[in-house]
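Spelled out from the first residue to the last, the chains are:
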Amino acid sequence: MLGRTAGGIFWMFRYLERCENMARLLEAGHRMALTRNTGSDEEWRSVVTTAGLQSGYESRYDDYAAAHVVNYLLRDKANPTSVLAMLETARHNARMTRTALTREVWEATNTFWMRMKEALARPVRETDLPGIISMIRQQSAQVRGALHGSMLRIDVYNFARLGTFLERADSTARILDVKYYVLLPSLSFVGSSLDNVQWETILRSVSAEHAFRWLNAGDTRPVGVAEFLILDERFPRSLAFCYQKLHGNLCYLAKDYGLRMPSHDLADEIHNGLQTRPIEAIFESGLHEFLTDFMTCNAQLAGQIERDYRFYG
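On a predicted model such as this, the values are computed, not experimentally measured, just so you know.

### Structural notes on the overall build of the protein chain
Inference 1: Regarding its fold elements, the protein chain presents 15 helices and zero strands.
Inference 2: A compact globule built from 313 residues should have a C-alpha radius of gyration of about 20 Å, and the protein chain, at 19 Å, falls within 12% of that.
Inference 3: Taking the principal axes of its C-alpha atoms as reference, the protein chain extends roughly 55 × 50 × 35 Å.
Inference 4: For the protein chain, with 313 residues in total, the buried portion stands at 53%.
Inference 5: A sequence separation of at least 24 residues applies to 69% of the contacts in the protein chain between residues at least 6 apart.
Inference 6: Total accessible area on the protein chain is roughly 14,200 Å²; 51% of this is exposed by carbon and sulfur atoms.

### Quick notes on the packing of aromatic side chains
Inference 1: According to the stated counting rule, one finds 12 aromatic pairs in the structure shown.
Inference 2: On the numbers, 4.7 Å between centres and 25° between planes, the contact of Tyr 57 with Tyr 64 is stacked.
Inference 3: With relative accessibility at 0%, the residue Tyr 57 sits in the buried group.
Inference 4: With relative accessibility at 5%, the residue Tyr 64 sits in the buried group.
Inference 5: Summarising the aromatic geometry, the rings of Phe 165 and Phe 241 are spaced 6.0 Å apart at their centres and angled 55° between planes, so their arrangement reads as tilted. Taken as a pair, Phe 165 in helix 8 (residues 155-183) and Phe 241 in helix 12 (residues 239-257) lie far apart in primary sequence, 76 residues in all.
Inference 6: The exposure class of Phe 165 is buried, given its relative accessible area of 2%.
Inference 7: Put simply, the rings of Tyr 57, Tyr 61, Tyr 64 and Tyr 72 touch in pairs and so form one group of aromatic residues.

### Observations regarding the nonpolar core
Inference 1: Counting 102 residues, the largest nonpolar core has Leu 74 and Ile 230 as the members making the most contacts within it.
Inference 2: If you tally residues by element for this core, the top one is helix 1 (residues 3-33), at 15 residues.

### Some thoughts on the pattern of salt bridges
Inference 1: Counting across every chain of the model gives 19 salt bridges.
Inference 2: Between Arg 237 and Glu 20 there is a salt bridge whose closest N-O contact spans 2.9 Å. With Arg 237 in the loop between helix 11 (222-231) and helix 12 and Glu 20 in helix 1, this residue pair connects regions lying 217 residues apart in the sequence.
Inference 3: Looking at Glu 20, the relative accessible area reads 1%, which means it is buried.
Inference 4: The closest approach of N and O atoms between Asp 76 and Arg 60, which form a salt bridge, is 3.0 Å. Placement of Asp 76 in the loop between helix 4 (66-74) and helix 5 (83-96) and of Arg 60 in the loop between helix 3 (54-58) and helix 4 is noted, with a sequence separation of 16 residues between them.

### A few points about the confidence of the model for the protein chain
Inference 1: Scored by pLDDT, the protein chain comes out at a mean of 89, with 90% of its residues at no less than 70.
Inference 2: Confidence over residues 185-191 falls short of pLDDT 50; this stretch has eight contacts with residues more than four positions distant or in other chains.

### With respect to the environment of Gln 198
Inference 1: With respect to the helices and strands, the residue Gln 198 is situated in helix 9 (residues 193-205).
Inference 2: For the pair formed by Gln 198 and Thr 220, sequence separation is 22 residues and the distance between their alpha carbons is 10.0 Å.

### Re the packing of helix 1 against helix 15 (residues 287-308)
Inference 1: At a minimum axis separation of 11 Å, helix 1 and helix 15 run at an interaxial angle of 155°. Considering the angle they form, helix 1 stands roughly antiparallel to helix 15. Together, Phe 10, Trp 11 and Arg 14 of helix 1 and Ala 302, Ile 305 and Glu 306 of helix 15 make up the contact between the two elements.
Inference 2: Broken down by class, the residue content of the contact of helix 1 with helix 15 amounts to four nonpolar, no polar and two charged.

### Looking at the packing of helix 6 (residues 103-119) against helix 7 (residues 129-150)
Inference 1: Between helix 6 and helix 7, whose axes approach to 8 Å, the crossing angle comes to 170°. One finds that helix 6 runs roughly antiparallel with respect to helix 7. Side by side, helix 6 and helix 7 meet where Glu 104, Val 105, Ala 108, Thr 109, Thr 111, Phe 112, Arg 115, Met 116 and Ala 119 of the first sit next to Ile 132, Met 135, Ile 136, Gln 139, Ser 140, Gln 142, Val 143, Ala 146, Leu 147 and Ser 150 of the second.

### Looking at the state of the cysteines
What we call a disulfide is simply a covalent bond connecting the sulfur atoms of a pair of cysteines.
Inference 1: In total, this model carries zero disulfides according to the counting rule given.
Inference 2: Here Cys 242 stays free of any disulfide, with the sulfur of Cys 297 as its closest cysteine sulfur at 15 Å.

### A short note on the side chain of Arg 24
Inference 1: Looking at the secondary structure, you find Arg 24 in helix 1.
Inference 2: A polar contact is formed between the side chain of Arg 24 and the backbone oxygen of Ser 205, at a distance of 2.9 Å.
Inference 3: Other than its neighbours up to four places away in sequence, Arg 24 contacts Arg 137, Ile 175, Ser 205, Val 206, Ser 207 and Arg 237.

### Overview of the environment of Glu 27
Inference 1: Along the chain, Glu 27 falls in helix 1.
Inference 2: Counting along the chain gives 109 residues from Glu 27 to Ile 136, while the straight-line C-alpha distance between them is 11 Å.
Inference 3: In this structure, Glu 27 is in contact with Ile 133, Arg 137, Arg 204 and Ser 205, ignoring residues within four places of it in sequence.

Definitions and cut-offs
Per chain, residues are indexed from 1 in the order of the written sequence. This being a predicted model, a pLDDT of at least 70 is required before a residue's local features are given, and a value of 80 or more before pairs of side-chain atoms are given or counted; all residues contribute to the totals for chains, interfaces and linings. Remark: hydrogens and water are excluded; side-chain values derive from all non-hydrogen atoms of the structure. Segments assigned H or I by DSSP are reported as helices when at least four residues long, segments assigned E as strands when at least two residues long, and all are numbered from the N terminus. For the radius of gyration, the atoms used are the C-alpha atoms, and the globule rule reads 2.2 Å times the number of residues raised to 0.38. Burial classes: relative accessible area under 20% of the type maximum marks a residue as buried, over 50% as exposed, and values in between as partly exposed (1.4 Å probe, protein chains only). Contacts are residue-level and defined by heavy atoms, with any inter-residue pair within 4.5 Å sufficient. Note on areas: these come from Shrake-Rupley sampling with a 1.4 Å probe, and a residue is covered only by the protein chains present in the view. What counts as a ring pair is set by centres within 6.5 Å for rings of Phe, Tyr and Trp (its six-membered ring), and what kind of pair is set by the plane angle: stacked under 30 degrees, edge-to-face over 60, tilted for all other angles. Definition used in this section: a nonpolar core is a set of buried Ala, Val, Leu, Ile, Met, Phe, Trp, Tyr and Cys residues joined via side-chain atoms within 4.5 Å. In what follows, salt bridge is the name for a side-chain nitrogen of Lys or Arg lying within 4 Å of a carboxyl oxygen of Asp or Glu. In predicted models, pLDDT denotes the confidence assigned by the predictor to each residue on a 0 to 100 scale. Note on geometry: axes are C-alpha line fits, over the in-contact stretch for helices, and angles between N-to-C directions span 0 to 180 degrees. Angle categories: roughly parallel below 35 degrees, roughly antiparallel above 145, roughly perpendicular from 65 to 115, and oblique for all the rest. Each residue receives one of three labels: charged for Asp, Glu, Lys and Arg, nonpolar for Ala, Val, Leu, Ile, Met, Phe, Trp, Tyr, Cys and Pro, and polar for the others, Gly being one of them. The criterion for a disulfide is a pair of cysteine sulfur atoms lying within 2.5 Å. Think of a polar contact as two N or O atoms within 3.5 Å of one another; within protein, one of them needs to be a possible hydrogen donor and the other a possible acceptor, and neighboring residues in sequence only count if both atoms come from side chains.

Now the structure itself:
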């Protein structure tokens, strides 16, 4: 596959996954803000900070009011990583690689963009946010369904999956980091009702509440939740699951092209680290530090994949 086509598919699905992940991050902030009896600006600040957009946001706004954060992350034209901007870029990539996609994938992507363009034509009120988040997640799921149900399992599919799981791993790490490092007011809150409610909110934000309770009988201790979202390869948004899939898709590409790339070794290294490091060791060294290091390594892998397969344009 030409580098331009491979890169277009890879980035198309990175942007699509990033849109859903931004919605999940907003949902985490919104739910946590509802647990506060006082002002919620710090929760919204944490969402912007975790998304890595603090500098751009503060060049536009002087406070972290909910309405400002919601609109900046969803639809602000000055923000090139807003949901609407990323969807437009994903749709552009889909058009540029149209011959490599099935009609079902193209139509699902185009419908996603059209529906969100209409829904985000006006400022979003905080009361409307749950409905917008639900729409983003539903439309994203339809694109994934079209991919799984209509695409050949060839290099196109593997590049799409690489983009998806790189972004998904980053998102889960960021959502965990919002809770543990930024949102909990002080150590005195650890184990409190506020602490427990926030961990439950994290589970809901990654669609993990039912699965976690099925396996853990409602025990929402921080160590158990973190272990589930980091190390449990059965849950499709855990870091370990994402790297299990990244490893598999890179192996398929190695077989297709008859060549093993440096990105394969880097993915194996990260995957092995998740398999051999117990949650107690992660907490002992610092969950925030672990998540920060993981996000750095994840970004390095994304860059290495682009270099290995000569993405450009």
